[in-house]
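What follows is each chain in one-letter form.
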Amino acid sequence: MANIQRSGAYKTGSVLRYVVLGVGAVFFLLPFYLVLRNGLSTEADITSPTWKLFPSSLQWHNITDLFKDPAVPMARSLLNSLVIAVVQTVGVLVISGLAGYGLARIPFRYANAVFYFIVATLLIPAAVTFVPSFVLVSSLGWVSTLRGLIIPGLFQAFATFLFRQYFLNFPRELEEAAQLDGTAYWGTFWRIVVPNSTGFIAAIGTITFIGSWNAFLWPLVIAPDQNSWTVQIALSTFLTAQTIDLPQLFIAAGIAILPLVIMFVFLQRWIVEGVERSGISE
Amino acid sequence: MTAQGLQQPALATGRASLGRRLRGRYDRNLWFGIFVGPFVLGLIVFVYVPIIWSVVLSFFDAHNTVTPTKFVGLGNYLDMIRDGAFRSSLLTFILFALFIVPTTFVVSLGLALLVNRARFARTFFRSVYFLPTACSYVVASLVWKLSIFSGVRFGLMNTVLSWFGVEPIAWLSVTQPPWYWLVIVTARMWLQAGFYMILFLAGLQRISPTLYEAAAIDGASGPRVLRFITLPQLRATSTAVLLLLLINAFQAFDEFYNLLSSSGSYPPYARPPLVYLYYAALGQGQDFGHGSAGAVILTLLIAVIALSQNRILGLGRRED
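Note that the coordinates shown come from a computational prediction; the quantities given were computed from them, not determined experimentally.

> When you look at the packing of helix α5 (residues 111-123) of chain A against helix α4 (residues 28-57) of chain B in this model, what are you seeing that I'm missing?
In a packed pair of helices, the relevant descriptors are the angle between the two axes and the axis-to-axis distance. For the pair α5(A) and α4(B), interaxial distance at closest approach is 11 Å and the crossing angle is 35°. Where α5(A) crosses over α4(B), the handedness of that crossing is left-handed. Along the contact surface, α5(A) presents A111(A), V114(A), F117(A), I118(A), A120(A) and T121(A), while α4(B) presents F32(B), V36(B), F39(B), V40(B), L43(B), I44(B), V47(B) and Y48(B). Residue composition of the contact of α5(A) with α4(B), by class: 13 nonpolar, one polar and no charged.

Next up, the structure:
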């Protein structure tokens, strides 16, 4: 009897759990749906006095209209964002990957001091440094250039920190086997360590790409010129403008999130694993 | 560090050609430089130099110039501390943190507990809650401002309220009561909760099942297990999550800027510190002196909060 009651209670609990999870899921997916709905609607549909769950007809031409509109530098902004995100991701992986490995594996008298020198910058919130960074980058003459948008973002202390923690736990036996062959650090790193760390590299790469693609404050500060806008700046400019074409704005937002959603679907497993292994929650 | 590493005869390697040194397996200092050097160099140029420059600028009168001549000592700092608008921006942050930190903490922990115990479709739910992490604040602000919380009658939220006979609310432009907080907090929560849920899930997976088995034998049930096993075991994760939430709240900029500014104007009642500094340093006056002083004050404040929280909650117990 007691058993039956217990399993009954368990089932009620379990059903309740799925109800909560389901309702939560609807709320979490709703904004994505709204982007899609508004992007494929007519302006009249969006501003209709009664709220509509579905557009009265799908306006696929909104997509081509967006790219044809000379007032909206959408293609240029997307290209800028893509170049910046790809270069920054590759750059961070190489620069921080090497540094993390060096810190974890190469015995050097002042390695600990160097490590603390790096970790200290983690205490300084990146966004607070935008005033001094702007001053530096503008005095280099890099305002509204891809250099100004890309290069300061290549040196990520947090990525280096994560790589170091990861390489500390990398199985030494694999490296020792390679070193007996007379291969130096360089060869061991590229031929043994990197091919065996693709999961972690994918995780850091995805996180870097997302951060770079979604960056807002730095591009806002350093790229006032329309030719150097990223997709986030373009969106923001139309969002805060006086007159806006709503469907066009939402279709642009949809295009801005599409690459990341696709990436997420394919690489999510790695991101989760990377976060789990990052040691943040240990 | 091994003894071998310390015994390297630096002079002997110094005489050998670079090619030989690179080929040699034992020139560790050189290899350390090759691996770590580029990163450290970049960090010095793009992080340390700007910070030092900023500290220097904060002692000068620097309008529209980055090579100022007029030294004003602590003048900029005193101005900023006396400046009611800057102080109110710090207060705005404190209010914001008081809203966002506990709510996000509870929501992400709750989601993690629910998802962790879901046997069916667990990966699906994890993905759904994690997916907003891929979204930018700009896109979220756009949806929140123009679709969900648009002040018009046909906005989603006002439509739902109208079913209950509630009059439409101008979410982003009323200050009494300050409904814009609801808009800002829910947007940030939607974007962030999934990430912290993943951290909690990772923490939950590390709890040994034997602890739960022992609790089951003792006849402990749901709330007691949560109170006496799950939460204490998640202590380290909770500390990290709290710290990250606080630091991120301090750096809030994107959603405030995008939700509240319109064609060049920005309401003064909702300026967190970074928005304030943005307008001070890069607005009309280009006042780098005061902007830098404000940035230094903010940095010190965040460092103090991070360090004291670290002290109180003991985050630093990680190896090395």
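> How do you make sense of the confidence of the model for chain A when you look at a structure like this?
For any part of a model where pLDDT is low, the fine detail of the predicted coordinates should not be relied upon. Residues and elements named next belong to chain A. In the predicted model, chain A carries a mean pLDDT of 85, and the fraction of residues at 70 or more is 92%. For chain A, helix α9 (residues 172-180) is the element with the lowest average pLDDT, namely 77, and helix α4 (residues 74-105) is the one with the highest, namely 95. Under a pLDDT of 50 for its full length, residues 1-6 has, in the predicted model, zero contacts with residues more than four places off or in other chains.

> How should the packing of aromatic side chains be read in this particular structure?
Aromatic ring pairs: the centre-centre distance and the angle between the two ring planes describe each pair. Applying the stated rule across the entire model yields 54 aromatic pairs over all chains. Where Y101(A) meets F35(B), the ring centres are 5.7 Å apart and the plane angle is 40°; that geometry is what we call tilted. Of the two residues, Y101(A) is situated in helix α4 and F35(B) in helix α4; the pairing between them involves two chains. For the pair Y101(A) and F35(B), one class covers both residues: buried. Both rings, one in F158(A) and one in F161(A), keep their centres 6.2 Å apart while their planes meet at 20°; by these two values the pair is stacked. Here F158(A) and its partner F161(A) are both found in helix α8 (residues 157-168), three residues apart, which amounts to about one turn of the helix. Judged by its relative accessible area of 38%, F158(A) falls in the partly exposed class. Here F161(A) falls in the buried class, since its relative accessible area comes to 11%.

So, how was this worked out
Residues numbered from 1 in each chain as written. Chains lettered and ligands numbered in written order. Predicted model: local features only at pLDDT ≥ 70, side-chain atom pairs only at ≥ 80, totals over all residues. Heavy atoms only, no water. Axes fitted to C-alpha atoms, helices over the stretch in contact; angles between N-to-C directions. Helix = DSSP H or I, 4+ residues; strand = E, 2+ residues; numbered from the N terminus. Left-handed = near helix turned anticlockwise from the far one by under 90°. Contact = heavy atoms within 4.5 Å. Nonpolar A, V, L, I, M, F, W, Y, C, P; charged D, E, K, R; others polar. pLDDT = per-residue confidence, 0-100. Phe/Tyr/Trp six-rings, centres within 6.5 Å; stacked < 30°, edge-to-face > 60°. Buried < 20%, exposed > 50% of the residue type's maximum accessible area, 1.4 Å probe, protein only.

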